[in-house]
Structures are given as C-alpha cells and as structure tokens.
Amino acid sequence: MDAIILQILNGLDKGSAYALIALGLTLIFGTLGVVNFAHGALFMIGAFCAVTLQRLFNLSYETIDPTKTDFLGNPAKVKTPYVESWFGPETGAAIIDWSVPLAILFAIPIMLLIGYVMERGLIKHFYKRPHADQILVTFGLAIVLQEIIKYFYGANPIQTPAPEALSGIVEVLPGIFYPAWRVVYFCFSLVVIGGVFAFLQFTTFGMVVRAGMADRETVGLLGIDIDKRFTLMFGLAASVAGLAGVMYGPINAPNYHMGMDFLVLSFVVVVVGGMGSLPGAVLAGFLLGVLESLASLEAVISAIPGINQIIIYLVAIVILLTRPRGLMGRKGVME
Amino acid sequence: MGILEVKDVGKRFGGLQALGDVNLSVKENTCHAIIGPNGAGKSTLLNCLVGKLIPDTGSVMFDGQSVLGRSPHEINQMGISRVFQTPEIFGDLTVMENMMIPLFAKRDGSYRLHAIKSVMNERQLREEAEQMLEEVNMLDKRHMHSASMSRGDKRRLEMAMCLIQRPKLLLLDEPTAGMARADTNNTIDLLKEIKEKRDITIAIIEHDMHVVFSLADRITVLAQGTPLVEDAPENIKGHPKVQEAYLGEAH
Amino acid sequence: MFGLDKKDSTLLILVAVLTLLAPFILNPFPSDSGLAQFNAGYPDLMQRFVIFGIFAIGFNILFGLTGYLSFGHAAFLGVGSYSAVWMFKLLSMNILPAIILSVIISGLFALVIGFVSLRRSGIYFSILTLAFAQMSFALAYSVLTPITNGETGLQIALDDPRIFGGAVAADGSIPVTNLFGLEMRSAFDMAVGPWSFTFSAGYYVCAIVMLIAFYLAIRIFRSPFGMMLRAIKSNQTRMNYTGLNPKPYTLAAFVISGMYAGLAGGLMASMDPLAGAERMQWTASGEVVLMTILGGAGTLIGPVLGAGAIKYMENIFSKINDNVLHGWFAFLPDGMEDAVVWILHPFVGKGWHLTLGIIFMLVVIFLPGGLVEGGQRIARAFKGKKAKETSEKATTEPAE
C-alpha cells in the first residue's frame, strides 16, 4: 500500500512537469494555432536560468588571509562571493542557498523576453504556413537553442541544489516520507496552474484570449487587436515552461537535452488531453504521470514486463484512435 | 420512379432541425434545381446525398440502391459526381494531371494501380482527357499549374473532371457563386451543352435565379428544412408561397 | 532509358556517374595537404552517404509525395538492422539474405504501424508515428533484450549457429560480412602522385543498391501511383469525391518508405554487423526529416543531396577545431585572427549541430524547396546563356 502511495506521489510530481509544459503548449496551440516543437527548449532554458543565477551569486573575489596557510605554506587565498560582502556573510550565504527559488523572479522577465522575441521574430511568419512547416522550423529552433546552451554550459548535467531547509524529507502522510522539494514542486505547479487559469478567467485580457481561442475571426471583427495579445500569450506560455524548468533543477540536474526528453512526452500529454483544451492538458499531465508511476510498481512490471516504458504511448495511441479529440478537446478542433 | 429518390429525410444539429421530412424525386435526364433562402437546408440536403452527412431519418435511394452509410468515394463509384461551391481541384497538379486522376479512378478503382508503369505510357487515357479538355475549351491550358488559374477556369476544370467519369448524376453546389456575369453565362452555356449532349441527370443548388430558370426542368423550393413547392419553372415564378419565403427572408 | 524520359534518364546517369566516381570526387585534395581534412572519400563515410541517401529517398516517397510527416521512421531503420544482424547470427555472413529479411520485416512492421497511424492525418499522424517509434525504442531497451541485446546492442559472436558458412572463420576469428565471398571490408588503395583513393567493396555494394533504389523511386514518382500520392497531398476532398479512397495509397507509400528504411538499416548492419536501439530514437527520425527538407522534399534528387550534405557536415565540420581555424586565418593581424576564430568557434567542432540547426531553420524559412530550389533559383538567375548550353548538352549526352 505504501508503495502505491509513494508511486502516486511520484506520479503527481512527474505529472506537474508534464502539466506545466503541456499547459504552455496548449496555450500556444489554442491561441496561435502553432505547433511549437521548441517548447521543451524553453523548459530547459528555464532550468538554466536557475543555473545562471546560482553562478552569478557565486561570483567571488579573492583575498589573502594571512592567518591561514595552504598546504604549500603560502598564505591562503580565500574566495568570498560578492553577495556575502555586500549583504554580510549570513544573508549572503542564505541568498546563495536560496538561489533556485530566487531564480523564479530572475526567470520570469527573461522568459517573457525570449517568448516575445521568438513570436515576433519567427513564429509570426508561420501562422499561415502548414503545420508541417511549423513543426519543422520550431524543431530547428529547438536544436539551435539547445546547442547554444551546450556551448555555454557544457554537455554535463549541472547540480542545482534546493535550499537546505527544503532538501530534507518530510512526512506527507502518516508513515509516508517524501523529499520536501518534490512536495514544493507539486505545490508550486498547482499555484502556477491556478494563476494561469485565474488570469484567463478573471481579467479582461484573459477573457479576450479565451474568446480568441474559441473563435478568432469573430473577436477580430469586434475590432480587438488579437495579435498583440497573442504575442503576450506566447510570452506567458514561455514563462510557464520556464518556471517549470527553474524549479525542476533540484529534482534532476539540468542538462542541455532535458527539454527534448520532456517535449515528446508533453506532446503526447497534449494530444491525450485534447489539442486546445487547457483543463485537458493539466488533467492529462497528472493522469499520465500517475499512470506511468503506477506502471513502475514491482507487481505491475512483473505481470507485464516493460509496461512502465510504454504505458504513456499506449494510452496515447488508444485515445487517438478511439477519441481523437482527446479527453476534453472540443469537437471539431483538429480532429 | 426517379433516379434519385429522397424519402422523409430529416437531420438535426443539436436543437436545430436542419431538415425535416424532405421528399424529393429527381427524374432521369432532367435538370432539377433546389432553391431556397439562406439556411433553408440546401447544403445539408446535398451533404446527405453524397455521404458527408448521414440523415437521422428517412432514406436516399440512387438508381435503386441506398446511399446511406456509404462513404463519399463509394457514392461516387455508384455514379454521383459533385461540383463544389469553391472549386475543389488538385492545385499542386497540372490541368492534364487533374484530368488523369478521375480516369485512373474509373479504370483501376480505388485499390489497384501500377506503381512502376509510367504515366507517359497511358496514351489512351491521355487522349480521352485531351478530348474532354477540348470540349470545355481548356486544351491550350493543359500544361498549366491548376492552382494558378482563374476561378472560372478552375470551375470548368472541376466540371470536366466530374464529366470525364461519365456520372449518371451531377450535383452542382452553387456553381456560379462569386462569378462575374460573363463567367456565369459561360457556365450556363456549358451546362446547357452538357445537358443536351449527354445522358445525364443534373441536380443543382443555386441562388442565382437567372441560372436556375435558364437550366432547370423542375424546381423544388426549400424553406426551413422542408420542401415548400415542387413544380415546373414557369409555375414557380409567380407562386405566392415562394414569394412569401423569399420576401420573408428579405425583411 | 529503362522506361524513363530524357530528363529523368539524364538525372539517373548523372547520379550514377557521381556515385561510382565518388572515391575520386570526394578526395580532391592531396592526402598530405592541409586541406586533406575536407576529403570525404574514405569508405566509412561514403557508405554512410549512400545508406542515408536510401533512407531519405524512402522517406521522401512518403513525405514528399503525400505530405504525411512521419517522426518515427528511424524505427524501421532499427528493425532492419536487427533483422540483418539476426540473419548473420543464424544463417550466414552473406549480406543478401540479411538485406532481404530486413526489407521484409521492416515492411511488415510499417504495415502494422502505418495501418494504425494513417487513421489520423496532420499533426496527429506525426505524433502517432513518434509514439510508436519511441515505444519501439523503449521496448528494444528493456523487455525485448533477448532479441535486441538491450543497451549493449546486438552483435555477432563466435558461438552463433550460422548454419551456412560456419560460425568461425579460418583463422579462428568472427567471420566478416560478404556478398558471395566478396568481403565488405575489403578495399583497394590507389595512389596517384600525392593523391590517394580508396575503393571499398562495401561502398560499391551500397552504391549499386542506392542506384537501384533511386531508379525505383523515379519510376514511382512518374507512375499513376505516384501521381495519386501527389493528388492526396493536394486535395483529399476532391480525392474522395472522385471515387478514390486515399488510405490504401498512403498506406502503400508508408510501407514502401518503411521498406526503404529497412533496406538502409540492413545495409548499415551489413557494413558493420551490429545494431543498437539508439538507431531507433526520435532524434534519428528527426535526422532523416532534416535531410529530406534540406535537400528538397518532393524532388527526386533532393533527399540524396540532403543526406550527403548533412553527413558531410557531420564528419568534416565536426573535425575543425581552434587550431585549424587559427591556421586558416593566420594571415590576419593577431587581434583580428583571434576575433574571427572566436566568432567561428561555436559553429564548428562539437558545435556543428548549431550550424546544422541554423542552416535548417534558414532553409525552412527562406527556401522551403531546399537545396534543389536554391539551385533552380541560381540557375534561373543565370538563365539566358546557360539554358542554351544545357539544351545542347542534353542533345549530345544520350549517345553515351
């Protein structure tokens, strides 16, 4: 029983990442009608925002401490991060320790900017071109982005630890212990998802966007400049993917191809949830995450070997063949 | 007994009764027009005839066989060809290639085709296609990329593609919609010629009364999903019910 | 010639001449000169040119003609490789049965996957094929280990049965792949002054197979079947209302292109008898998409050009390092030299994927017809005079 609960928790955690990426993919597809293969790269860039901030915080200057000597007998050089000298050793150390959560603030403007540039500079020109062209150009962009990151950060995974206070284990249910950061990640994703939905539900901006998702032409006829809003939507979707990436660092050390690994699964999630359906994307994200984890249970694997590797694809194939619009897709949208 | 028999056909979309108890009989080798105001259910009826929609009730018999539940390509094989409101042609292909496709479809059916034989060697089919293009005055355009032609030419090409299959029934969905007057008159002439030269039944949906009254042998007026009147053209013109339906729309 | 019209015959002859003379053409620089690193005339690379050429030709039959973008074609290549290696393990080291089995098995595999995937079109089709390929990849790594040997990859061993031809070579080592005794790895070196050229048996076998595959592709393009596939890409509605069911045609195209991929996989295993799951990964599927688009989807020669271009870049660009760059720009003043090297550095060596990604994006954005369209545009710019020359050439050439 405990094993099942643990796997469900694992699934929810994995599902959080799927749901966040799929949410962004759906926002872009639903509003702009563009299939964005570079979305995984945005997730990866988010993770590297955390890496960058951590490195910035660790920028240090060297001083010679005459009281100590190194092993050769020379006076020891001591590295002091600038933040520690500016804010005092204790606050400085805390800032460095909390660099991953702080990277959220750092990542939002960066992701918005990247999203804006991407949409205005590239995607805009592909609205009227076939889906195949959109897939191809964003696929090319994904390669470029990931190679740029590889150039600056190397090919190896880079550890981005969680703050010490959150890196332990907590008792989530009586007798069930779970890494604290994963709990944080799950809660964080719920907050972001809630934020996006609230934004779409309660602001006029969101209302126009939702109307645009349902019927672009009519909204255009009302004299509303839908394109400008959609550009912002792209930035928002990029930020959601970026935030998912920022917080994912402590769970799995970021490397340059993490985005591609998530992209394929996120696409499957979007399809299962229903192209263009935001609640569908979130639901399918969590559902598939949990399914995948449950399929990794010892008992399940021994009954059907290898099922944990293919369960998501299997579900996607069955859904596509029996209910092509997905779990919650609207009728007629890309059926 | 007509070649096309529509009996008690009804179709609902959610709360909207698009068609209710439509009865229609199209006699062989006549031209039967279906007219009616916008939203009268003309397109829905047409889609029920070609297999794109399946009616909720009633039956559609063509040449003694039911068309219900068959897919568009099977219905085409029974001898029904359709011309669309906006011409549906193979835009990436040349005019000549456009003409070859229906010929292959007719000769080889839907499944058998030579993957290795060259199209160049299909002399007989090419001649047949050229002859048909000649008939619609398009032979000089046979090497043109069909997407780059004018709308009127696309329409003629589409008709030629339908006619080359020698269908028993030709369905026309507002064939002159959006056409200039001259093009419309050309289309009328073409259709008249087709009617005279060939053993073919034509069912036409049209807004343009000029077209309808130049071609139709019989007219059905559809309003709110049900046939209002069916009669010869000369009786339709002054019919009070028809005027009511059209004037009702205008107000 | 062979039932092709003049233009296509010329193309086929041109490709045949280029392929058969490749050991010369690809080694234009003396082997001890500084430019020797741009030579691509060594057997391993030349084999990859033609094998990926076959893969891309096949992919183009599906994508170029019908417009269905498959993101899972590498699965067929992988299946082909596994089948071939099993043939080497069980039957004999002769590559002929191995390749035949590769084509058959991958064809069957494509039939099953295509039957399901083709029930959807557009992006759904792409994702279905992607899902199937990733599934095959995951299975090859895990459950199917008895067949695929998991992460290690399937290899031939001394204790394989090999019913015909014996399990062990005369000298006690593992026997090598051959075609009725002609060993695939045998090669003949020719030195002409400072140049050296290598003629490998393996390359010529691959080249001849590719020429046959290319010829068949031309025939398919020019056949009623090929025309039907283009019609499907152009307008499925009209297709239906012309009494045609597009599905059997697209499925046939899918299976044919799957068989091409299997052929490529079988040849790959014949040149180097091992097969690994990474050949089935979706990045490998992406690669053949890149090749086809880069060369020019829907054109005859495009995929071959694209495959050659990408494999050439992969091997040559990735070898350029900072020292080489410094060597090239040594004539510049020091500061400028460093600056140029610094700018170029990210695009070469390990960074060649960046160059690939940028080129690919530029092609999709500005040159949707790929290298072939680029060539046509250049040709059009020079037209007047050139058109005459080519027409004269065309009239004299068929005599060859």
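Residues numbered from 1 in each chain as written. Chains lettered and ligands numbered in written order. Predicted model: local features only at pLDDT ≥ 70, side-chain atom pairs only at ≥ 80, totals over all residues.

Student: Explain the overall build of chain B here, please?
Tutor: Tallying secondary structure elements over chain B gives nine helices and ten strands in all. Compactness check: chain B gives a C-alpha radius of gyration of 19 Å against a globular reference of 18 Å for 251 residues, within 12% of the reference. For chain B, the spread of C-alpha atoms along the principal axes amounts to about 60 × 40 × 35 Å. The buried share of chain B, taken over its 251 residues, is 40%. Within chain B, counting contacts between residues at least 6 apart in sequence, those at least 24 apart form 67% of the total. (Helix = DSSP H or I, 4+ residues; strand = E, 2+ residues; numbered from the N terminus. Rg over C-alpha atoms; globule rule 2.2 N^0.38 Å. Buried ≥ 20, exposed ≤ 12 C-beta atoms within 10 Å, placed from the backbone. Contact = placed C-beta atoms within 7 Å.)

Student: Just to check I follow, could you spell out the overall build of chain C for this structure?
Tutor: Helices and strands together make up the secondary structure of chain C, namely 18 helices and six strands. Compactness check: chain C gives a C-alpha radius of gyration of 22 Å against a globular reference of 21 Å for 400 residues, within 12% of the reference. Principal-axis analysis of the C-alpha atoms places the extent of chain C at approximately 65 × 60 × 50 Å. Across the 400 residues in chain C, those meeting the buried criterion constitute 50%. In chain C, the share of contacts with a sequence separation of at least 24, taken over all contacts with a separation of at least 6, comes to 74%.

Student: Where do I start with the domain arrangement of chain B in this structure?
Tutor: All names here are of chain B. The assigned domain composition of chain B is domain 1 (1-79 + 167-251) and domain 2 (91-165). In this structure, domain 1 and domain 2 have C-alpha centres spaced 27 Å apart. The interface is formed by eleven residues belonging to domain 1 together with ten residues belonging to domain 2. Top contributing element to the side of domain 1 that touches domain 2 by residue count: helix H6 (residues 181-197), with five residues. (Domains from an automatic or database assignment.)

Student: Explain the nonpolar core to me, please; I cannot follow it from the model alone.
Tutor: General note: in soluble globular proteins, nonpolar side chains tend to be found buried as a group. The biggest cluster of nonpolar side chains holds 292 residues, and the ones touching the most others in it are Leu-23, Val-268 and Ala-316 of chain A together with Ile-54, Phe-55, Tyr-260 and Ala-264 of chain C. Per-element tally for this core: the top contributor is helix H11 (residues 246-271) of chain C, with 15 residues. Here this core gathers at least three residues from each of two domains, domain 1 (1-79 + 167-251) and domain 2 (91-165) of chain B. The residues contacting Ala-316 of chain A, other than those within four sequence positions of it, are Val-268, Val-271 and Val-272 of chain A together with Ala-131 of chain C. (Core = buried A, V, L, I, M, F, W, Y, C linked by C-beta atoms within 7 Å.)

Student: Can you walk me through the sheet that holds strand E2 (residues 16-26) of chain B in this structure?
Tutor: Strand pairing in a sheet is mediated by backbone hydrogen bonds. Such pairs are either parallel or antiparallel. Residue and element names in this part refer to chain B. Within the open sheet, the four strands sit side by side as E2-E1-E4-E5. Their pairing is antiparallel. Single-partner strands in this sheet number two, and they are E2 and strand E5 (65-66). Sheet topology places strand E4 (residues 57-62) next to E5; two bridges connect them, and they run antiparallel. Directly across from Met-61, in E5, lies its bridge partner Ser-66. Taken strand by strand, helix H1 (residues 42-50) contacts strand E1 (4-13), E2 and E4, and its axis lies near 65° from that of E2. (Pairing = 2+ DSSP bridges. Axes fitted to C-alpha atoms, helices over the stretch in contact; angles between N-to-C directions.)

Student: Teacher, can you tell me more about the sheet that holds strand E3 (residues 31-35) of chain B here?
Tutor: All names here are of chain B. On the basis of which strands lie adjacent, the open sheet formed by six strands has the order E6-E7-E8-E3-E9-E10 and mixed pairing. Of all the strands in the sheet, just strand E6 (80-83) and strand E10 (226-231) have a single pairing partner and so form its edges. Across the sheet, the axes of successive neighbouring strands diverge by a mean angle of 20°, strand direction being ignored. Relative to strand E7 (residues 169-173), E6 runs parallel, the two sharing four bridges. Note that in E7 the partner of Arg-82 across the bridge is Leu-171. Where H1 meets the sheet, its contacts fall on E3, E6, E7, strand E8 (201-205) and strand E9 (218-223), and the angle it forms with E7 comes to roughly 150°.

Student: Got a minute to help me understand the interface of chain C and chain B in this structure?
Tutor: In many analyses, interface size is given as the accessible surface area lost on bringing the parts together. Listed by partner, the interface residues are 24 residues for chain C and 28 residues for chain B. Top element by residues in the side of chain C that touches chain B is helix H9 (residues 224-234) of chain C. It accounts for eight residues.

Student: It is not clear to me how the interface of chain A and chain C should be interpreted in this structure. Could you clarify?
Tutor: Listed by partner, the interface residues are 30 residues for chain A and 34 residues for chain C. Of all the secondary structure elements, the ones that give two or more residues to the side of chain A that touches chain C are helix H6 (131-153), helix H11 (258-273) and helix H14 (307-322) of chain A. Sort the elements by how many residues they give to the side of chain A that touches chain C and H6 of chain A lands first, with 14 residues. Of the residues assigned to the side of chain A that touches chain C, the class counts are 24 nonpolar, four polar and two charged. (Nonpolar A, V, L, I, M, F, W, Y, C, P; charged D, E, K, R; others polar.)

Student: Help me out: how do you make sense of the environment of Gly-36 of chain B in this one?
Tutor: All names here are of chain B. Relative to the helices and strands, Gly-36 resides in the loop between E3 and H1. Assessed through the 24 C-beta atoms surrounding it within 10 Å, Gly-36 is described here as buried. Taking C-alpha positions, Gly-36 is 4.8 Å from Leu-222, a pair spaced 186 residues apart along the chain.

Student: Help me understand the pairing of E10 of chain B, please; the structure alone is not making it clear to me.
Tutor: Remember that side chains alternate between the two faces of the sheet whenever the strand is regular. Residue and element names in this part refer to chain B. Note: E9 against E10, five bridges, orientation antiparallel. Within the sheet, the bridge partner assigned to Thr-220 lies in E10 and is Glu-230. The turn linking E9 back onto E10 is made up of two residues, and Gln-224 within it adopts a positive phi angle of 50°.

Student: It is not clear to me how the packing of helix H8 (residues 204-214) of chain A against helix H10 (residues 226-248) of chain A should be interpreted in this structure. Could you clarify?
Tutor: When two helices pack together, their arrangement is given by the angle between their axes and by how far apart the axes lie. Residue and element names in this part refer to chain A. Running from amino to carboxyl end, H8 crosses H10 at an angle of 100°, the nearest separation of the two axes being 10 Å. In this view, H8 runs roughly perpendicular relative to H10, as classed from their interaxial angle. Across from Phe-205, Val-208, Val-209 and Gly-212 in H8, the residues of H10 making contact are Ile-226, Arg-229, Phe-230 and Met-233. Classifying every residue of the contact of H8 with H10 gives six nonpolar, one polar and one charged. (Parallel < 35°, antiparallel > 145°, perpendicular 65-115°, else oblique.)

Student: Explain the confidence of the model for chain C here, please?
Tutor: Detailed reading of the predicted model is not advised wherever pLDDT is low. All names here are of chain C. Mean pLDDT for chain C: 86, with 95% of residues reaching 70 or above. Put simply, helix H18 (residues 383-396) is where chain C has its lowest mean pLDDT, 50, and H11 is where it has its highest, 95. Counting interchain partners and residues more than four positions distant, the pLDDT-below-50 stretch residues 390-400 has four contacts. The ipTM, which scores confidence in the relative placement of chains, is 0.87 for this predicted complex, and the corresponding pTM is 0.87. (pLDDT = per-residue confidence, 0-100.)

Student: Where do I start with unusual backbone geometry in this structure?
Tutor: Glycine aside, the phi torsion of most residues is negative, and most peptide linkages are trans. All names here are of chain B. Phi at Asp-8 is positive, roughly 50°, even though this residue is not glycine. With respect to the helices and strands, Asp-8 occurs in strand E1. The residue Gln-224 is not glycine, and still its phi comes out positive at about 50°. Here Gln-224 shows up in the loop between E9 and E10.

Student: Is there a simple way to explain the confidence of the model for chain B in this structure?
Tutor: Summarising the model, chain B shows a mean pLDDT of 85, and 95% of its residues fall at 70 or more. The spread of mean pLDDT over the elements of chain B runs between helix H9 (residues 240-250) of chain B, the lowest at 65, and E8 of chain B, the highest at 92.

Student: Teacher, can you tell me more about the pairing of strand E4 (residues 187-192) of chain C here?
Tutor: All names here are of chain C. Among the six residues of E4, zero are classified as buried, and the element is accordingly described as predominantly exposed. For E4 and strand E5 (residues 195-200), the ladder comprises six bridges, and the chain directions are antiparallel. Bridging across to E5, Ala-187 finds its partner in Ser-200. Count of turn residues in the E4/E5 antiparallel hairpin: two residues, of which Gly-193 carries a positive phi of about 55°.

Student: Explain H9 of chain C to me, please; I cannot follow it from the model alone.
Tutor: With respect to burial, H9 of chain C is a largely interior element, ten of its eleven residues being buried. Considered for burial, the residues of H9 of chain C that qualify are Pro-224, Phe-225, Gly-226, Met-227, Met-228, Leu-229, Ala-231, Ile-232, Lys-233 and Ser-234 of chain C.

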